[in-house]
Amino acid sequence: MKTIGTNVAMEAPAKDGELGKPHASTSAKGHSIRVAPDVLNAALKDGEELFRSLQTTSAGLTQAEAEERARTMGPNEVAQERQQGWFVRLLKISRNPLVILLAILSTVSFVTGDARAGAVMAIMVMLSVGLRFFQEARADAAAAKLKAMIHVTTTVVRNGEAREMPLRDLVPGDIVKLSAGDMIPGDVRVIASKDLFVSQGSLTGESLPVEKFHDPESAVNGPPIELRNTCFMGTSVQSGTATAVVVTTGIHTYLGSMAGAITECGTPTSFDLGLHSFTWLMIKLMAVMAPLVFLINGLTKHEWKGAFFFALAIAVGLTPEMLPMIVSVCLSKGALAMSRKKVIVKRLNAIQNIGGMDVLCTDKTGTLTEDRVVLQRHCNLAGRETDDVLLDGYLISYFQTGLKNLLDRAILDSSDFHAQALVAKHRKLDEIPFDFTRRMMSVLVENPEGKAILLTKGAPEEIFHHCSHFELDGTISPMDPDLIVGLKDEYARLSNDGFRVLAVAKKELIGKQICSKDDECAFTLRGYVAFLDPPKNTGQKRNRGAQQRWSGREDSHRRQSSHQSQSL
């Protein structure tokens, strides 16, 4: 995939007014990977000229305009695996060497008058093919229903209002809002940005994010993937916020032009290879034995008709007629057993691979747990509950405009917070969005006294490096190296108990209305907020012992909190 970014063909930008015109250069046919000329054209323009060329405005399209363009351009989807018709599926299942061999022998048996043998082999073929066809068709139907339940959305401005819409409904000319964690919904031109970093690893193979700007390009000389004001479908926002206008969608995007190259047939499993190897071994054996028996019998007895039937009987005898049906029955039995555990097996041959696994690694989120994070604790550095830390964390989650993840929603939905009236007295001034490099985010607010306070929360190990002091029981002390180990003790205990822990810190910015990453220093560490992903009811029995041990450790932690506070 690393060569994709350097092997991109460029074409002359399209003329104004050719909005959404499909270009042959963007077709995936023949594995041609190219950027649409409309994208290159948009990179060179700015302001009203850009909106005019895309026939849109800063307030976005109207619903009627969007519907008209959707009828012309089609849905915003790249080429996907095509649904197979029943006839094509039947042909693929029948394209098995052993099934073909049995069908040939059955036909020969009917032609030569041995109807009994022909009927037996024909029944085996029909049972094997029919059983596999029915099982795979049912699995595909179930998978299609599940896929229909998944809706990827993006924030689009229509009729001057921002709303969440399915990704497939986007059209060229739409205005989209982007923030950390968002997928780029099409090939878009950035028109406003703040600390925007985009991960393009899916297209270029590069692990480091690339910063994007909204200024127009003076010329397009290098690879289009390196355009500083253009983001491509299939990439994602790692940090920052932006407003962009959609230039191309669906198969006309850079990713869409790759569809023909990346949509490939699956590789055969070890079970397929083994079965084919055995089948061809039997065919080679019959290709040697049957003619040899025919010639020897004919030359010695001079009864060529009898020799032919004897050789045919040898071929039939060497063929394992029951093998295809036995294989299909066994695999179908495994698929049915998996379906009782709510697992869909789309291809029966995958059952053998599943059974051949020694170790299965799976994420616990949503598997052993409810995938529903709740705020469990908000404590100071000594482990005692405090509402001050909860207020700081709430202000950050409330005022930040980036991606509100599960942890932010857990803080906002916390039943422990009762200071909504106090939140209304604060005013947001600026923010520094979260990114996966800093692993923290900051919000600059004005408190009721009129002071500018920079609040931050993030990974404790990162927050520690940005703090010069810590606060405990109203006393602010410097973070001496000898005390850092003690400050980390509570964080370590919370982590060992299975909590997701974030550190909260603050500082005063005198006379400032905006902030930057350079201001994220000399913080005062305030405490921690800890979250828990509760286990599912189905796992309660297995987790009961762990919960009892956790309760015991909680009692121990409470006894240690007083001693830790005195030590600090």
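Rules used in this analysis
Residues numbered from 1 in each chain as written. Predicted model: local features only at pLDDT ≥ 70, side-chain atom pairs only at ≥ 80, totals over all residues. Heavy atoms only, no water. Helix = DSSP H or I, 4+ residues; strand = E, 2+ residues; numbered from the N terminus. Buried < 20%, exposed > 50% of the residue type's maximum accessible area, 1.4 Å probe, protein only. Contact = heavy atoms within 4.5 Å. Areas by Shrake-Rupley, 256 points an atom, 1.4 Å probe, with all protein chains shown as cover. Salt bridge = Lys/Arg side-chain N within 4 Å of Asp/Glu carboxyl O. Phe/Tyr/Trp six-rings, centres within 6.5 Å; stacked < 30°, edge-to-face > 60°. Lys NZ or Arg CZ within 6 Å of the ring centre and 35° of its normal. Core = buried A, V, L, I, M, F, W, Y, C linked by side-chain atoms within 4.5 Å. Patch = residues over 30% accessible without salt bridge, like charges linked within 9 Å, V, L, I, M, F, W, Y side chains within 5 Å. Polar contact = N/O pair within 3.5 Å; in protein donor to acceptor, adjacent residues only side chain to side chain. Pairing = 2+ DSSP bridges. pLDDT = per-residue confidence, 0-100. Axes fitted to C-alpha atoms, helices over the stretch in contact; angles between N-to-C directions. Parallel < 35°, antiparallel > 145°, perpendicular 65-115°, else oblique. Left-handed = near helix turned anticlockwise from the far one by under 90°. Nonpolar A, V, L, I, M, F, W, Y, C, P; charged D, E, K, R; others polar.

Further remarks concern the overall build of the chain. Along its length, the chain carries 18 helices and 15 strands. Considering the chain as a whole, with its 568 residues, one finds that 44% of them fall into the buried category. Contacts in the chain between residues far apart in sequence, at least 24 positions, make up 71% of those at least 6 positions apart. When the accessible surface of the chain is split by element, carbon and sulfur atoms take 58% of a total near 30200 Å².

The next subject is the pattern of salt bridges. Taken as a whole and assessed by the stated rule, the structure comprises 16 salt bridges. Note that Glu 77 is salt-bridged to Arg 168, the shortest N-O span being 3.0 Å. In this pair, Glu 77 is assigned in the loop between α3 (63-73) and α4 (86-94) and Arg 168 in the loop between β2 (161-166) and β3 (175-178), connecting sequence segments 91 residues apart. For Arg 439, the salt bridge goes to Glu 461, with nearest N and O atoms at 2.9 Å. Taken together, the positions of Arg 439 in the loop between β9 (427-435) and β10 (440-446) and Glu 461 in helix α16 (residues 460-465) put the pair 22 residues apart, joining distant regions of the chain. Looking at Arg 439, the relative accessible area reads 35%, which means it is partly exposed. Residues joined by salt bridges that share partners form a network here, namely Asp 392, Glu 471 and Arg 526.

Glancing now at the packing of aromatic side chains. In the structure shown here, the tally under the stated rule is seven aromatic pairs. Between Tyr 394 and Tyr 398 the ring centres are 6.1 Å apart and the planes differ by 15 degrees, which places this aromatic pair in the stacked class. Taken as a pair, Tyr 394 and Tyr 398 lie in helix α13 (residues 387-399) at a separation of four residues, close to a single helical turn. Residue Tyr 398 is classed as partly exposed on the basis of its relative accessible area of 45%. Aromatic pair Tyr 398 and Phe 399: ring centres 5.1 Å apart, planes at 85 degrees, arrangement edge-to-face. We classify Phe 399 as buried; its relative accessible area is 12%. Ring pairs connect the aromatic residues Tyr 394, Tyr 398, Phe 399 and Phe 417, which therefore count as one cluster. The ring centre of Phe 523 lies 5.9 Å from the NZ or CZ of Lys 507, which sits over that ring.

What follows deals with the environment of Leu 455. Mapping Leu 455 onto the fold places it in strand β11 (residues 452-458). Note: C-alpha distance between Leu 455 and Thr 524 (69 residues apart in sequence) is 9.7 Å. For Leu 455, the residues in contact, after removing those within four places along its chain, are Asp 392, Leu 395, Ile 396, Met 441, Ser 442, Val 443, Val 445, Ala 505 and Lys 506.

All right, on to the nonpolar core then. Residues Leu 525 and Tyr 528 are the most contacted members of the largest nonpolar core, which totals 28 residues. Counting residues per element, the ones that place at least two in this core are β9, β10, β11, α16, β12 (467-472), α17 (481-496), β14 (500-508) and β15 (523-532). Sort the elements by how many residues they give to this core and β15 lands first, with four residues. Counting residues in each nonpolar core, the second largest holds 23 residues, with Leu 390, Ala 410, Val 529 and Phe 531 among its members.

Together, Trp 86, Phe 87 and Leu 91 give the surface a local cluster of nonpolar side chains, amounting to about 380 Å² of exposed area. As for its placement among the helices and strands, Trp 86 is situated in helix α4. Overall, the relative accessible area of 59% leaves Trp 86 in the exposed class.

Turning to the side chain of Asp 408, a few remarks are in order. Note that Asp 408 resides in helix α14 (residues 406-412). Since its relative accessible area comes to 2%, Asp 408 is described here as buried. One polar contact links Asp 408 to Ser 397, side chain to side chain, over a distance of 2.9 Å.

Bridge count for strand β4 (residues 187-199) against strand β7 (residues 236-248) is ten bridges, and the pairing is antiparallel. Across the sheet, Ala 192 pairs through a bridge with Thr 243, a residue of β7. Bridge count between β4 and strand β6 (residues 230-231): two bridges; the pairing is antiparallel. By the bridge assignment for β6, Val 188 is matched with Cys 231. By the bridge criterion, two bridges tie β4 to strand β5 (residues 210-211) in an arrangement that is antiparallel. Each residue of the ladder has a partner; that of Val 198, found in β5, is Val 210.

Turning our eyes to something else, we now look at the confidence of the model for the chain. Chain-level statistics for the chain give a pLDDT mean of 79 and a share of 82% at 70 or above. Averaged over each element, pLDDT in the chain is lowest for helix α18 (residues 540-567) (46) and highest for β11 (95). Taken as a whole, residues 1-31 scores under 50 in pLDDT and shows 75 contacts with residues more than four places along the chain or in a different chain.

Turning to the pairing of β15, a few remarks are in order. Buried residues dominate β15, accounting for nine of its ten residues. Alignment of strand β8 (residues 374-379) against β15, held across five bridges, turns out to be antiparallel. Opposite Val 374, over in β15, you have Leu 532 as the bridge partner. Note that β12 and β15 share three bridges and pair parallel. Within β15, the residue paired with Phe 470 across the bridge is Leu 525.

Below, the discussion takes up the packing of helix α9 (residues 270-301) against helix α10 (residues 304-318). Between α9 and α10, the shortest axis-to-axis distance is 8 Å and the interhelical angle comes to 155 degrees. In this view, α9 runs roughly antiparallel relative to α10, as classed from their interaxial angle. The two elements α9 and α10 meet at a crossing, and its hand is right-handed. Touching Met 282, Leu 285, Met 286, Met 289, Ala 290, Val 293, Phe 294, Leu 295, Asn 297, Gly 298 and Leu 299 of α9 are Trp 304, Ala 307, Phe 308, Phe 310, Ala 311, Ile 314, Ala 315 and Leu 318, all from α10. Taken together, the residues that form the contact of α9 with α10 break down as 17 nonpolar, two polar and no charged.

Okay, unusual backbone geometry next. A positive phi is found at Gln 55, a non-glycine position, where the angle reads about 55 degrees. Turning to its location among the elements, Gln 55 is positioned in the loop between α2 (47-53) and α3.

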